[in-house]
Each structure stands twice: as C-alpha cells, then as structure tokens.
Amino acid sequence: MKKLTVVVGLIAAMGVAFAAPDEAKLRASMKQIGPVCSGLGKKLKAKDASGAADAKQLAGLFGDTQKYFKEAKADDGVAHSKTAIAEFKTTSKLIAAGKWDEADAGFKKATASCSGCHSKHREKASDGSWKVK
Ligand code: HEC
C-alpha cells in the first residue's frame, strides 16, 4: 500500500514538476536539515567550532524551502525561510569568531523559524509521515 502511494506520488510529482512547487524537493531538504540542525545544537553546547560549517550548510539548505513557498505563494513560509537563512548565516559567523553566547542566541532565532513554519505548514499524515499543508 505504501509502495503504491509512493509510485502514484512519484508519477504525480513528475507530471507537475514544472507547474507546481516541488514538494519532494522540500521534503528532501527537510530530511537533511533535521539531523544537521540537531548536530549543530550539540556542537554549540560543546563549543565545537566545526559547527560554523553546519550553520552555513543549513543556510544553504533553506534555499529550496524559500523557493517552494515562493512558488506556493505563501508569504509567511517565505518569511520563515528568510529568517532561517539569515540567522544560520549569522550563527555561522559568530561561531567562527568564537562568540558562543551570541551564536547560541542566533541558533535560537533560527530554530524558532522551524516551529513557526511547521505549526502552520506541516501536517502528520495517517501513516505517520509528514506532508505540507
Ligand atoms: C518555511 C517553512 C519551514 C521551515 C522554516 C522549516 N520547515 Fe521543516 N518542514 C516544513 C514542511 C512543510 C514539512 C513537511 C514536508 C515533509 O516533510 O514532507 C517539514 C518537515 C520537516 C521534517 C520532517 C521530514 C520528513 O519528511 O521526514 C523535519 C525533520 C524538519 N522539517 C526539520 C526542520 C528544522 C530542524 C527546521 C529549522 C531549522 C525546519 N524544519 C524549518 C517546512 C518548514
């Protein structure tokens, strides 16, 4: 059943790839963003300077999210994406400069965008997977 849903979903996704916002791409970014973000949280606690690269990577990963919500014409989603991009960029610079307290604050602002967007645009499907709303 799940396989069938995936196949049908893929066919549908191919059909609308050029016409509608790319939900599969958004999902793929989110699946990357999740672990990198929690890893960055741990690195900040440990004052591990390699977190600068993770924060930079996160800023980059939100490009697809911003594009998605632009195409979906959801301004609040675009705004949350912009906040995430700006704050992760700032956090990266602060880590590189060894300003850990400020970096923590930047990380908090960046991650506030996660819940801000999820509470409005993310929905749990009956099979436990996530979907966009
Ligand atoms: C502008 C909107 C937006 C922002 C900001 C955002 N997300 Fe998401 N996220 C979504 C949507 C929509 C989904 C559901 C899509 C999906 O997963 O199929 C999602 C799904 C996820 C998932 C589940 C992925 C899966 O399908 O297994 C994770 C994990 C996740 N987000 C992490 C994060 C983290 C961490 C942040 C902040 C650093 C963040 N997201 C910020 C919109 C957003």
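Residues numbered from 1 in each chain as written. Predicted model: local features only at pLDDT ≥ 70, side-chain atom pairs only at ≥ 80, totals over all residues.

**A few points about the overall build of the protein chain**
Move 1: Looking only at helices and strands, the protein chain features five helices and two strands.
Move 2: The secondary structure elements of the protein chain, listed N-terminal to C-terminal, are α-α-α-α-α-β-β.
Move 3: In the protein chain, which comprises 133 residues, the share counted as buried stands at 24%. (Helix = DSSP H or I, 4+ residues; strand = E, 2+ residues; numbered from the N terminus. Buried ≥ 20, exposed ≤ 12 C-beta atoms within 10 Å, placed from the backbone.)

**Points about the site of the ligand**
Move 1: The full set close to the ligand counts 24 residues, and Met30, Gly34, Cys114, Cys117 and Trp130 are the nearest of them.
Move 2: Elements supplying a minimum of two residues to the shell around the ligand: α2 (23–45), α3 (51–71), α4 (75–96), α5 (100–121) and β2 (130–132).
Move 3: When grouped by side-chain class, the residues that make up the shell around the ligand number eleven nonpolar, nine polar and four charged. (Near = placed C-beta within 6 Å. Nonpolar A, V, L, I, M, F, W, Y, C, P; charged D, E, K, R; others polar.)

**Describing the confidence of the model for the protein chain**
Move 1: For the protein chain, mean pLDDT is 91; residues scoring 70 or higher make up 88% of the total.
Move 2: The lowest-confidence element of the protein chain is helix α1 (residues 2–16), averaging 64 in pLDDT; the highest-confidence one is α4, averaging 98. (pLDDT = per-residue confidence, 0-100.)

**So, α4**
Move 1: The end-to-end C-alpha distance of α4 is 32 Å, a good match for the 32 Å that 22 residues give at a rise of 1.5 Å each.
Move 2: Here α4 has its buried residues at Gly77, His80, Ser81, Ala84, Ile85, Glu87, Phe88, Thr91, Ser92, Leu94 and Ile95.
Move 3: The elements touched by buried residues of α4 are α3 and α5.
Move 4: Taken from the residues just after α4, glycine 98 is the one with a positive phi, measuring 75°. (Expected span 1.5 Å × (residues − 1). Contact = placed C-beta atoms within 7 Å.)

**What about α3?**
Move 1: Its 21 residues give α3 an end-to-end C-alpha distance of 31 Å, which sits within 8% of 30 Å, the value for a rise of 1.5 Å per residue.
Move 2: Among the structural elements, α2 and α4 are those in contact with the buried residues of α3.
Move 3: One or two positions beyond α3, positive phi appears at lysine 73, with a value near 55°.

**A few points about unusual backbone geometry**
Move 1: Here the phi dihedral of lysine 47 falls at roughly 50°; this positive angle occurs in a residue that is not glycine.
Move 2: Looking at where lysine 47 falls in the secondary structure, it is placed in the loop between α2 and α3.
Move 3: We note that lysine 73 has phi near 55°; this positive angle belongs to a residue other than glycine.
Move 4: By the C-beta count within 10 Å, which is 9 here, lysine 73 ends up exposed.

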